[in-house]
Structures are given as structure tokens and as C-alpha cells.
Amino acid sequence: MRTIDHLIAGEASSGGGGARSGDVFDPNTGQVQARVTLGTQADLDRAVAAAEAAQPGWAATNPQRRARVLFRFKELVEAQMEPLAQLLSSEHGKVIADSKGDIQRGLDVVEFACGVPHLLKGDYTAGAGPGIDVYSMRTPVGIGAGITPFNFPAMIPLWMSAVAIACGNAFILKPSERDPSVPVRLAELFREAGLPDGILQVVHGDKQMVDAILDHPAIGAVSFVGSSDIAHYVYSRGVAAGKRVQAMGGAKNHGIVMPDADLDQVVEDLAGAAFGSAGERCMALPVVVPVGDRTADALREKLIPAIHALRVGVSTDRQAQYGPVVNAAHKARVEGWIQKGVDEGAELVVDGRGFSLQGHEQGFFIGPSLFDRVTSAMESYREEIFGPVLQIVRAPDFETAVRLPSEHQYGNGVAIFTRNGHAAREFAARVNVGMVGINVPIPVPVAYHSFGGWKRSGFGDHNQHGMDGVRFWTRVKTITQRWPDGDAALSHGSEDGAAARVSDAFVIPTMG
Ligand code: NAD
């Protein structure tokens, strides 16, 4: 059986003797297709040693040369798009079009990071005092680490690594152990693009490896994306160890549907936003909030046939809207939430449980589900389900519709569907959520803006990518300098007064 190894100091490494390993499934068949090495402190120590050896030279490489490596990497990934998407789908289960989207969204951040010479330019104040100039520069943190979830195995590692590397850091990635192949492949392509060994390394593992990263004194910054409890744990432990930490957590995004919304468009948007990628997206829209019962009834009537028309298939089925969920445990968890909703008194309008795909009976498929009359008191509303389940929460008025997402424990994304500019503007200004869509169901900011949620969806101060990414992966050093006239080094031995003239030459331009 294929084994998936670490990539340390430019070489595949299976770790020491007696290393543990984990199963990597093909969610389409339910079969184990590979085993991933689960690393130890010793593996991390080797990666850190390689990073320490390589990072000063990389940081001293001028930023335009570093950017050229990113440009080459982008071209290599584009040339490999199809096999990379196939590999991604085979471990995650999302359909090929979604896998390509996953890779492309990561490349968008690579493109952004190609502008690093401009992004790293500091500030300068001439004449802050008599003969005094002040300037600031962005210097790399040194060695950074990223710990990533299973649901975007290309995009999220690239959110972090592209910006970290561009800024002159060495970066150690600990990808999800459920679909670890694409992150390794991306690191190999970075090598092929000319990235020095030790600058981007991949160590696999579970909690043991995460704890080793959080406690390692040589790692200065940790970026995490995953579920909220673990995000909070990573944030607290990392900060206690004196590190800079950003930790993005779970989500429960709401879509507000105003009475004047284009319902056909909303239904089309929801089909993708609630069920695409089997609902395994932190920017999915699993809660829809129609305002007024007439809106709710009309929306429900249109949603039911649209949901029945969704095609669930293997990830290579080009006609399928979505594929299986990632593993059997997650399938059981999602189905458990559906039962919980029923037990709590919500109306299960479409039941996706018991779905079986002919020829793939062991695959981790779940049909689409729709609940109506879900309330904010229900646990199945308050918690993240992360599956192909859409919940209708009816709101009597606009104020309730603003309050629901604002008071929810998660605050990642939210959307409002309306033709009324004033309602949209008012909603965007008041809602207590980090990313807002106006007639945009999945408002993921473009790469040169920043991605990040509020409340239990994000711990730490800086968002991912955009200028916030640059801020996270660099430290600002500020220099206050004074060069007194008649500097000793210049005036030494200058009997003919040459030093004074040199000094004047410096002074004249700033004097204007
Ligand atoms: P997860 O929290 O189970 O795993 C994330 C990472 O943490 C993995 O690398 C995993 O190995 C590690 N990990 C798992 N258990 C751990 C433990 N006990 N201690 C330390 N580390 C541990 O998340 P997942 O299931 O892979 O991904 C889905 C979750 O990620 C969802 O909650 C989703 O909303 C969230 N997510 C959030 C964003 C965002 O930007 N806010 C983006 C994508 C996914």
C-alpha cells in the first residue's frame, strides 16, 4: 500500500522506527487507499533544524528573486491542474470542478504573494527631528508553521505558505492527516520551482505533532484553520508559549432572504452554497432565514424540487453537484445531527439519510436534507453540522434576521438577498459577522483582501492573506537614525575639507 511521507530538508522521510501511521480513505469507495506517517517530536526537530539552516539565506535573497520562485510555482501548478485535482478528489471526495476551484483559490494567493517586493516596502519619515530620519521595515518572523483542515487541502496550505515564504520565512506545514497527498505534492512543486530545501517542509501527524509545534521554541508563528474547540486550544497553548498565533475556527453561516429577493436566484445560489462540496465548507450557507412567512413558504416550495434534482455522485462524475463526505465517522456525525434535529422538533422536509449510490454502496455518501421550522433554541442550529443539510429558520422581521447571525456563537460569513440597497447597507453595517455577502452567497474575499471570521470563528488579530497575511508573517522593525554633520569617519584625514563637501552633498537634497 502507498505510504505518504513527510517532506523534510527536501527529502521524503518516513520517520524513525516504530513510527505510527493513519489510514487515508477513498471516500468514493470507503476503502483505505494509503497510509500516512504520523510524525513525532524527533521528526519536527529535524524539520526545524533544516529550516534554521535555510531561512537566513532565503531571507537575504532579495524579494524579487523570491517572487520569481512563486511565479514559476504558479506555472507548474497550472500545468499539473488536472492530476492535482484528481488526487485531491480521490482523498477528499469533492467533485473535480470543486478540486480545481480549491487549487485555483490557493493560486490566487500565490499571485498576490508574487507582489511581495511591493508589499514589503516600509515607511519612511525624513526629518522627524533635527537631522533625524525614521524608517520601518518588515522582517520575517523566522520559522512559521501551519496546521490545516481536511476540507481545502490545497487552498488553505497555500493561503499560509505562499505569503509566509514570500516574506522570507521558512514554513513547516502540518496538513490534515485525512487528505495529506496534495499538500506534499505542492511542496514538491515548490522545490521544482527553485525553492531552497528547508524553506517549505511538510510534517504529518495528529495531536502529538500539533503539540510539538505549539511547544517548539524555535517556531515563532503558528497559523491554524480547523474546528473551533481545537482552534481555541491551539491559540491558547501557542500564545502561552510566546508565539504569534492566528486560529480560524468553525462556522454556521446564515443567508437572509428579504421579501423582495429574486427567489429563483436564491434557490440556485443555495443549491451550490448549502450542498456544494457536501456542505464541507466553512463558507457554506447551511442556514437560510426567510423574512416573513410568505417568503418562507414560497422559498420552501421552490427549494424542495431543486433539492430533489441535485445529483450526488462519485467525485469523478462530471455531472455530479457533490460527492461523498470525507470519512465514515463524519458521515455518522452528520446523520446524528439530522436525527438530533428531528428529536428537537424541527420539520425534516427532505431526508438525505440512507442514500446509497449504486456500485458504491460502501462510499461515504449522504443525500441532501432540508429542515424547516428550526429555532435558535435548538442545538442542531447552534452547532456546526458540516454536511449537506440546509436549515430554514423563519424570521418575522428584519430585526430578527439581523439578530440571529449576530447572536450566534460563530461569525464567519453571512449573506443577504434583497433588491433593497438600504436594507443591504443597514444589514452589512450592523451584523456581528466578519465576512458579508450582498446577493453573493459565499462571500470569500479575493486574495488581496483578507479572510477571517469573528467570535468563535477566529482567534487572534490577523486574518489570512491580503495585507493581514503580510502583517502576520512579518515583524516591523523601526529605525530612528541621526547622522550628525562632520561624521568622524568621513572627516578623518580630510585635510582638504573633502568630508565637509561630502556631508553637504547629503544635506542639500533634503533641505530642498
Ligand atoms: P479539525 O479541527 O478536526 O482539524 C484541523 C487540524 O487540527 C488538523 O490538522 C488536525 O490534525 C488537527 N487536530 C485534530 N484534532 C486535534 C487535537 N485534538 N489537538 C490538536 N490538533 C488537532 O478540523 P477538520 O475537521 O479537519 O476541518 C473542518 C473544520 O474546519 C470545520 O469546523 C470548518 O468550519 C473549519 N474550517 C474553518 C475555516 C475558516 O477559515 N474559518 C476554513 C476551513 C475549515
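Source: prediction; values computed, not measured.

Rules and cut-offs
Residues numbered from 1 in each chain as written. Predicted model: local features only at pLDDT ≥ 70, side-chain atom pairs only at ≥ 80, totals over all residues. Heavy atoms only, no water. Helix = DSSP H or I, 4+ residues; strand = E, 2+ residues; numbered from the N terminus. Rg over C-alpha atoms; globule rule 2.2 N^0.38 Å. Buried < 20%, exposed > 50% of the residue type's maximum accessible area, 1.4 Å probe, protein only. Contact = heavy atoms within 4.5 Å. Areas by Shrake-Rupley, 256 points an atom, 1.4 Å probe, with all protein chains shown as cover. Lys, Arg positive; Asp, Glu negative; His and termini not counted. Charge placed at Lys NZ, Arg CZ, Asp CG, Glu CD. Pairing = 2+ DSSP bridges. Axes fitted to C-alpha atoms, helices over the stretch in contact; angles between N-to-C directions. Near = heavy atom within 4 Å. Nonpolar A, V, L, I, M, F, W, Y, C, P; charged D, E, K, R; others polar. Domains from an automatic or database assignment. Phe/Tyr/Trp six-rings, centres within 6.5 Å; stacked < 30°, edge-to-face > 60°. Lys NZ or Arg CZ within 6 Å of the ring centre and 35° of its normal. Buried area = accessible area lost by both parts, 1.4 Å probe. Parallel < 35°, antiparallel > 145°, perpendicular 65-115°, else oblique. Polar contact = N/O pair within 3.5 Å; in protein donor to acceptor, adjacent residues only side chain to side chain. Core = buried A, V, L, I, M, F, W, Y, C linked by side-chain atoms within 4.5 Å.

**Some details on the overall build of the protein chain**
Assigned secondary structure in the protein chain consists of 18 helices and 23 strands. Against the compact-globule benchmark of 24 Å for 512 residues, the protein chain has a radius of gyration of 26 Å, which places it among compact chains. Counting over 512 residues, the protein chain shows a buried share of 54%. Residue pairs in contact within the protein chain that sit at least 24 positions apart in sequence constitute 73% of those at least 6 positions apart. Total accessible area on the protein chain stands at roughly 21,000 Å², and carbon and sulfur atoms take up 52% of it. Separation between the mean location of the 47 positive side-chain charges and that of the 57 negative ones in the protein chain comes to 1 Å.

**Here's the deal with the sheet that holds strand E23 (residues 474–482)**
Ordered by their spatial adjacency, three strands build an open sheet running E6-E7-E23, and the pairing between neighbours is antiparallel. The strands lining the two open edges of the sheet, one partner per strand, are strand E6 (124–129) and E23. Neighbour-to-neighbour, the strand axes of the sheet open up by a mean angle of 30 degrees, direction not taken into account. Inspection of the sheet shows E6 paired to strand E7 (residues 132–140) by three bridges, in the antiparallel sense. Its bridge partner lying in E7, glycine 129 is registered against isoleucine 132.

**Thoughts on the site of the ligand**
Among the 28 residues in the neighbourhood of the ligand, the closest are listed as Lys174, Glu177, Ser227, Gly249 and Glu384. Within the complex, 89% of the 840 Å² of free accessible area of the ligand lies under protein. Sorting the residues of the shell around the ligand by element identifies helix H8 (207–215) and strand E11 (221–225) as the ones contributing at least two each. Residue composition of the shell around the ligand, grouped by class: 13 nonpolar, ten polar and five charged. Among the domains, domain 1 (2–249 + 460–474) and domain 2 (254–452) are the pair contributing at least three residues each to the shell around the ligand.

**Focus: the pairing of strand E17 (residues 389–392)**
Where burial is concerned, the two faces of E17 agree: the one with Val389 and Gln391 and the one with Leu390 and Ile392 are both buried. The pairing of strand E14 (residues 287–290) with E17 spans two bridges and is parallel. If you follow valine 287 over to E17, its bridge partner there is glutamine 391. Bridging between strand E16 (residues 369–372) and E17 involves three bridges; their strand directions are parallel. Across the sheet, leucine 370 pairs through a bridge with leucine 390, a residue of E17.

**A closer look at the packing of aromatic side chains**
One pass over the structure, following the stated rule, counts nine aromatic pairs. Arranged with centres 3.6 Å apart and planes meeting at 0 degrees, the rings of phenylalanine 73 and phenylalanine 190 form a pair that is stacked. In this pair, phenylalanine 73 sits in helix H2 (residues 63–79) while phenylalanine 190 sits in helix H7 (residues 181–192), placing the two residues 117 residues apart along the sequence. Take phenylalanine 190: its relative accessible area is 0%, and that puts it in the buried class. Both rings, one in phenylalanine 171 and one in tryptophan 473, keep their centres 5.6 Å apart while their planes meet at 80 degrees; by these two values the pair is edge-to-face. Here phenylalanine 171, found in strand E9 (residues 170–174), pairs with tryptophan 473, found in the loop between helix H16 (466–472) and E23; they are 302 residues apart in sequence, far enough to count as distant. Tryptophan 473 carries the same exposure label as phenylalanine 171, and that label is buried. By way of ring pairs, the aromatic residues Phe171, Phe472 and Trp473 are connected into one cluster. The aromatic ring of phenylalanine 152 is capped on one face by lysine 94, whose charged end is 4.0 Å from the ring centroid.

**Comments concerning the domain arrangement of the protein chain**
Interfaces are often sized by the amount of accessible area the parts lose when they come together. Partitioning the protein chain into structural domains gives domain 1 (2–249 + 460–474) and domain 2 (254–452). Placing a centre on the C-alpha atoms of domain 1 and another on those of domain 2 gives a separation of 30 Å. At the interface, 33 residues of domain 1 touch 33 residues of domain 2. Regarding the contact of domain 1 and domain 2, the summed buried area is about 2,500 Å², with carbon and sulfur atoms giving 58% of it.

**Overview of unusual backbone geometry**
A positive phi is found at phenylalanine 386, a non-glycine position, where the angle reads about 60 degrees. Topologically, phenylalanine 386 is positioned in the loop between helix H13 (379–382) and E17. Despite not being glycine, lysine 455 has its phi angle at roughly 55 degrees, a positive value. Examined against the element boundaries, lysine 455 turns out to sit in strand E21 (residues 454–455).

**Concerning the packing of H2 against helix H6 (residues 155–166)**
Running from N to C, H2 and H6 point in directions that differ by 150 degrees, and their axes come no closer than 9 Å. In this view, H2 runs roughly antiparallel relative to H6, as classed from their interaxial angle. The residues of H6 that touch H2, namely those facing Arg66, Leu70 and Phe73, are Leu158, Ala162, Ile165 and Ala166. A class-by-class count of the residues in the contact of H2 with H6 yields six nonpolar, no polar and one charged.

**Some remarks on the side chain of asparagine 327**
Mapped onto the fold, asparagine 327 is located in the loop between helix H11 (293–308) and helix H12 (328–343). A distance of 2.8 Å separates a polar atom in the side chain of asparagine 327 from the backbone nitrogen of histidine 330. Those residues within four positions of asparagine 327 in sequence are excluded, and the remaining contacts are Arg178 and Phe364.

**Let's talk about the nonpolar core**
Across soluble globular proteins, you tend to see nonpolar side chains buried next to one another. Counting 90 residues, the largest nonpolar core has Leu44, Phe73 and Trp473 as the members making the most contacts within it. It is H6 that provides the largest number of residues to this core, a total of ten residues. Split by domain, this core shows at least three residues from each of two domains, domain 1 (2–249 + 460–474) and domain 2 (254–452). Discounting residues that sit within four places of it in the chain, leucine 44 has contacts with Ile172, Val203, Met209, Ala212, Ile213, His216 and Ile219.

**Quick word on the sheet that holds E16**
Ordered by their spatial adjacency, seven strands build an open sheet running E15-E16-E17-E14-E13-E19-E20, and the pairing between neighbours is mixed. Of all strands in the sheet, those bounded by a partner on one side alone are strand E15 (347–350) and strand E20 (435–438). Adjacent strand axes in the sheet meet at a mean angle of 20 degrees when their direction is disregarded. Where helix H10 (residues 263–275) meets the sheet, it contacts strand E13 (254–257), E14, E16, E17 and strand E19 (413–417), and its direction lies at approximately 135 degrees from that of E17. Here H12 sits on the sheet in contact with E15, E16 and E17, set at roughly 25 degrees to E16.

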